[in-house]
Amino acid sequence: MSTTEQTTSLRASAGELAAQPVWLIMRLLDIPMRFAQRVIGVKRMPYLFILPNLAFFGIFVVIPLFVNLVYSVTGGTGLFMSQRPYVGDEQYGHLLNCDSIIDVSTCREDRFWRGVYNTLTFVVLQVSFMIVFSLVTALVLNRKIRARGFFRSVFFFPVLLSPVVVALIWKWILLRDGLLNAFLTSLGGAKILFFVSPAWAMFWAIFVSVWAHMGFFTLILLAGLQAISPDLYEAAEMDGTSKSRTFWRITLPLLWPNMLVVIVLALIRAVQIFDEVFVLTGGGPGTATQFLVQYIYTTGFASPTQNFGLAAAASVLLGGALLVLTLAQLFVAQRKERT
Amino acid sequence: MTIGISLLRNAALGAVALGLLASAAAAQTEVRISWYNDGNEGEVLRDLLDRFEAQNSDIKVIVDTVAYKAILESLPVQLAAGEGPDMARVTDLGGLAQHYLDLSPYLSDTAYWEENFGPFLNWLRLPEDSGSIPGFMTQLTVTGPFANKTLFDQAGVALPGDSATWDDWAVAANQVAKKLDIPIPIAMDRSGHRFAGPAISMGAKMFSAEGEPAVVDDGLKSMAELIVNWHNDGTMAKELWGSVSGTTYLGANEDFANANVVLYMSGSWQISQFANTIGDAFDWWAVPNPCGPAACTGMPGGAALVALKTTEQPEAVAKVMEYLSSTEVLNEFYGRTLFVPGHIGLSKSGVDFDTDNPLAKHALETFAGGVANLSPVAFDLQGYVYNRVMFNAIISRLGQAIVGEMTLDEAYGRIEKDIEQEIAERKRGG
């Protein structure tokens, strides 16, 4: 037997040996599975396989959802359901009690509506900037530039950081005696109190959020760009198609499935924004960067009354808005697929 | 063979010893305290408890040191869920009263408690309760200002006198700040409690004749206008009251310690911290509360160590409480922590404060002396069970007015509605 043959034989034996425990486990599992199959039938077996996941989903998502719904129709400060009086739709009425929803000062719960408008502003601006910057970055990183791998890592690195760490880093940069103001004063400029101006606070909330998450979306778009066949670009070049036409007619349409994923994820994340901005600005100045999730948190947990009923009702309304948003996106996606 | 027998005997003895140790550990009662620190009090408490444990081997006291925010936000949820510790150090004295355990059946000398903690026990009781003993004050606090006297001296501006008004202080602080290029002439902790003293000095009554909250009156409006004007003219920095939302607490202690503030309105609990962080780097000088037309008052307050209904070993808790509240132990505790005593006997006899720092001694004297000037309205407000609701409504709405989200008149309306709604929610049940 040659040396190569001996090595191959040894490898095969080692492989067989390593597979023994797995094989044993499979044989053991086989017994209850066969029994289950006999009892419930082959057709129902898939349900058995998804049961663990379904149970997890039920315990940690469906039941809390239901409990939240029940809390939203109760009042008082008790934690347990038995201590909470039923109040019907009073909490919803309280939240939606406005003479005009365009003018938040006419709303009984003005902070809720300020949260709604702040969230809308944030979502529109943040998602737009996120898509534009992710796309531009992905397009640049898709080109054969020097140190491409390094730059890809650089853009992805902030994604690995905890939102609280991200917010604290930027807070130290932006404070009155922070790095940015030190830089500005070294150039002879005046200090800017970023967290005192509503416009600056919103700008930095959006900027930091885009900075922190852009790498993730860039990666998705980069994967889409790399999946586009170079032949198409070659053919376009041979036809003398301009760069912008190539982008609009080839790149963007073929990138659409990835773009849709980016839009959906960015939208959902933007609506749920909380931790980064909470640490960065604390919702201020005033309520300029207080978003809906912070309103829910503050009402339910950080106010002296801990108004769980009102917080639950606000989260039901937020859940409803997210549901509508998701259904609209699904509808758009399906229509696009059909065409 | 001999070696084998010896080994067996040693093993048996070891097993017996281990068994005895295990049973001793099992017989030991564990008492858990949720505690937060302003200064060195956690360290002092641990030292005192080590001595207690040495005398009472059947009780082990575990101190869970948590952030102050956890005491304000997490502890109430824990207590509502029936999952709290045995004892806790709290500052929402009346707000959590429903969760306090009445220790009187377990205490050997309730007369001692009534005699020495009597006035403060009312702060820990529900309105209909006049006899329970849930705990004692780990510190009595009085709100009041600290001036950076060194800055005043350097600027050649005299410190305003004892009966100076808030306006006098604003003029003087601005003069100092202008001469020495100090960024913040006056800073006040972002807290409704801190605002309440000056507002009462300006004539705020806080309650109606029937004893119901009636926060918005001319006195409160005067102080609110002053605060908003100070933010607009730069006397107060918007970074503190204007940079965050809602009821978020922000202190200016670090800015003051870094000599960025001329006059800092805070309270007696800062003494220990300033003695450590500032030391004698500059003269941090406690001054009497500035006057208004109605009074020259700050707000009383403080932190209490209370027994909680969630405990399963009330006897052990009472034993720990009796030890910690004894005159001898409290004298040491207050002395080492530089806290204003919340013990009548010690207030009268005086505490031997463990500091050589003349600034700390002066501050302790100033705040202790200020107790006599506290307005009855301030005491009533501190003892009111829903006072935190009032403080929070004031601070969150004033914050919005300061950054221009609403006018002061709109803020007044919102303050009244917020208080009414929150109290109604609390009274609804739970």
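So, how was this worked out
Residues numbered from 1 in each chain as written. Chains lettered and ligands numbered in written order. Predicted model: local features only at pLDDT ≥ 70, side-chain atom pairs only at ≥ 80, totals over all residues. Heavy atoms only, no water. Helix = DSSP H or I, 4+ residues; strand = E, 2+ residues; numbered from the N terminus. Rg over C-alpha atoms; globule rule 2.2 N^0.38 Å. Buried < 20%, exposed > 50% of the residue type's maximum accessible area, 1.4 Å probe, protein only. Contact = heavy atoms within 4.5 Å. Areas by Shrake-Rupley, 256 points an atom, 1.4 Å probe, with all protein chains shown as cover. Patch = residues over 30% accessible without salt bridge, like charges linked within 9 Å, V, L, I, M, F, W, Y side chains within 5 Å. Salt bridge = Lys/Arg side-chain N within 4 Å of Asp/Glu carboxyl O. Lys, Arg positive; Asp, Glu negative; His and termini not counted. Charge placed at Lys NZ, Arg CZ, Asp CG, Glu CD. Buried area = accessible area lost by both parts, 1.4 Å probe. Polar contact = N/O pair within 3.5 Å; in protein donor to acceptor, adjacent residues only side chain to side chain. Nonpolar A, V, L, I, M, F, W, Y, C, P; charged D, E, K, R; others polar. Core = buried A, V, L, I, M, F, W, Y, C linked by side-chain atoms within 4.5 Å. Disulfide = S-S within 2.5 Å. Pairing = 2+ DSSP bridges. Right-handed = clockwise from strand over helix to strand, strands pointing away. Axes fitted to C-alpha atoms, helices over the stretch in contact; angles between N-to-C directions. Parallel < 35°, antiparallel > 145°, perpendicular 65-115°, else oblique. Left-handed = near helix turned anticlockwise from the far one by under 90°. Expected span 1.5 Å × (residues − 1). Domains from an automatic or database assignment.

Peer 1: Give me the overall build of chain A: which residues, what numbers.
Peer 2: Counting secondary structure elements, chain A contains 13 helices and zero strands. Relative to the 2.2 N^0.38 estimate, which gives 20 Å for 339 residues, the radius of gyration of chain A is 27 Å and therefore markedly larger than a compact globule would have. With the C-alpha coordinates of chain A rotated into their principal frame, the extents come out at 90 × 65 × 45 Å. Counting the 339 residues in chain A, one finds 38% classified as buried. Look at the contacts in chain A between residues 6 or more apart in sequence, and 59% of them connect residues 24 or more apart. Surface accessibility of chain A: about 20,100 Å² in total, with carbon and sulfur atoms responsible for 70%.

Peer 1: Give me a negative patch on the surface: which residues, what numbers.
Peer 2: There is a patch of like negative charges on the surface, built from Asp99(A), Asp103(A), Glu225(B), Asp409(B) and Glu410(B). For Asp409(B), the location among the structural elements is in helix α18 (residues 408–427).

Peer 1: Summarise the interface of chain B and chain A; cite the residues concerned and give the values.
Peer 2: Taken together, the 37 residues of chain B in the interface contact 43 residues of chain A. Buried area between chain B and chain A, both sides added, is near 3,200 Å², and the carbon and sulfur share of it is 43%. Residues Glu405(B) and Arg114(A) are paired through a salt bridge, measuring 3.8 Å at the closest nitrogen-oxygen approach. On the surface where chain B and chain A come into contact, there are 22 residue pairs in polar contact (both at pLDDT 80 or more). Of the residues assigned to the side of chain B that touches chain A, the class counts are ten nonpolar, twelve polar and 15 charged.

Peer 1: Tell me about the nonpolar core, and please be specific about residues and values.
Peer 2: A general tendency of soluble globular proteins is for nonpolar side chains to be buried together. Core analysis: the largest hydrophobic core is formed by 141 residues, its most contacted members being Phe195(B), Met206(B), Trp241(B), Trp284(B) and Leu324(B). Considering each element in turn, this core owes the most residues, nine residues, to helix α17 (residues 387–402) of chain B. Apart from residues no more than four positions distant in its own chain, Trp241(B) is found in contact with Met188(B), Asp189(B), Arg190(B), Phe195(B), Ile227(B), His231(B), Met236(B), Ile395(B), Leu398(B), Gly399(B) and Ile402(B). Counting residues in hydrophobic clusters, the runner-up holds 49 residues, among them Cys107(A), Val127(A), Ile206(A) and Leu255(A).

Peer 1: I'd like a description of the state of the cysteines, backed by residues and values.
Peer 2: Taken as a whole, this structure holds two disulfides over all chains when the rule is applied. Between the sulfur atoms of Cys98(A) and its disulfide partner Cys107(A) the distance amounts to 1.9 Å. A torsion of 115° about the S-S bond marks the disulfide between Cys98(A) and Cys107(A) as right-handed. Among the residues examined, Cys98(A) registers a relative accessible area of 18% and is labelled buried. Here Cys107(A) falls in the buried class, since its relative accessible area comes to 1%. Paired by a disulfide, Cys291(B) and Cys296(B) hold their sulfur atoms 2.0 Å apart. Here the disulfide of Cys291(B) and Cys296(B) is right-handed, its torsion about the S-S bond being about 100°. Given a relative accessible area of 29%, Cys296(B) falls into the partly exposed group.

Peer 1: Describe the pairing of strand β1 (residues 29–35) of chain B, with residues and values.
Peer 2: Residue and element names in this part refer to chain B. Note: β1 against strand β2 (residues 59–65), seven bridges, orientation parallel. Looking at β2, one finds that valine 31 is bridged to valine 61. This β-α-β element, β1 to helix α2 (residues 41–55) to β2, shows right-handed connectivity. Taken together, the two bridges between β1 and strand β3 (residues 87–90) define a ladder with parallel strand orientation. Pairing of serine 34 across the sheet is with alanine 88, part of β3.

Peer 1: Can you tell me about the packing of α17(B) against α18(B), naming the residues and giving the values?
Peer 2: Relative placement of two packed helices is described by the angle separating their axes and the distance separating the axes. All names here are of chain B. In the contact formed by α17 and α18, the axes pass within 9 Å of each other and the chain directions differ by 150°. Classified by the interaxial angle, the pair formed by α17 and α18 is roughly antiparallel. The element α17 and its partner α18 pack so that their crossing is right-handed. The residues of α18 that touch α17, namely those facing Val389, Met390, Ala393, Ile394, Arg397, Leu398 and Ala401, are Leu408, Ala411, Arg414, Ile415, Asp418, Ile419, Glu422, Ile423 and Arg426.

Peer 1: Any details on the pattern of salt bridges? Residues and values, ideally.
Peer 2: The full count for this structure, using the stated rule, is 28 salt bridges over all chains. Note that Glu73(B) and Lys69(B) form a salt bridge whose closest N and O atoms lie 3.2 Å from each other. Of the two residues, Glu73(B) and Lys69(B) are both situated in helix α3 (residues 68–80); the distance of four residues between them amounts to about one turn of the helix. When its relative accessible area of 43% is taken as the criterion, Lys69(B) is described as partly exposed. Arg336(B) is the partner of Glu332(B) in a salt bridge, and the nearest nitrogen-oxygen pair spans 2.8 Å. Placement of the pair is Glu332(B) and Arg336(B) together in helix α13 (residues 327–337), with a separation of four residues, close to one helical turn. Given a relative accessible area of 25%, Glu332(B) falls into the partly exposed group. Each of Arg108(A), Asp110(A), Arg111(A), Arg114(A), Arg397(B), Glu405(B), Arg414(B) and Asp418(B) takes part in one network of salt bridges that share partners.

Peer 1: Account for α3(B), naming residues and giving values.
Peer 2: With 13 residues, α3(B) should reach 18 Å at 1.5 Å per residue; the first-to-last C-alpha distance of 18 Å fits that figure. The complete set of buried residues in α3(B) reads Ile71(B), Glu73(B), Leu75(B), Pro76(B), Leu79(B) and Ala80(B). On its buried face, α3(B) is in contact with α12 (292–302) of chain A together with β1 and β3 of chain B. Just beyond α3(B), the residue with positive phi is Gly82(B), at close to 75°.

Peer 1: Describe the domain arrangement of chain B, with residues and values.
Peer 2: All names here are of chain B. Considered domain by domain, chain B is made up of domain 1 (29–140 + 302–349) and domain 2 (141–300 + 366–427). Taking only C-alpha atoms into account, the centre of domain 1 sits 28 Å from that of domain 2. For the domain 1 and domain 2 pair, buried surface summed over both sides reaches about 1,500 Å², with 58% attributable to carbon and sulfur atoms. Three residues, Trp123, Leu338 and Val340, lead the burial of domain 1 against domain 2; their summed loss comes to 33% of the area buried on that side. On inspection of domain 1 and its partner domain 2, the count reaches one salt bridge.

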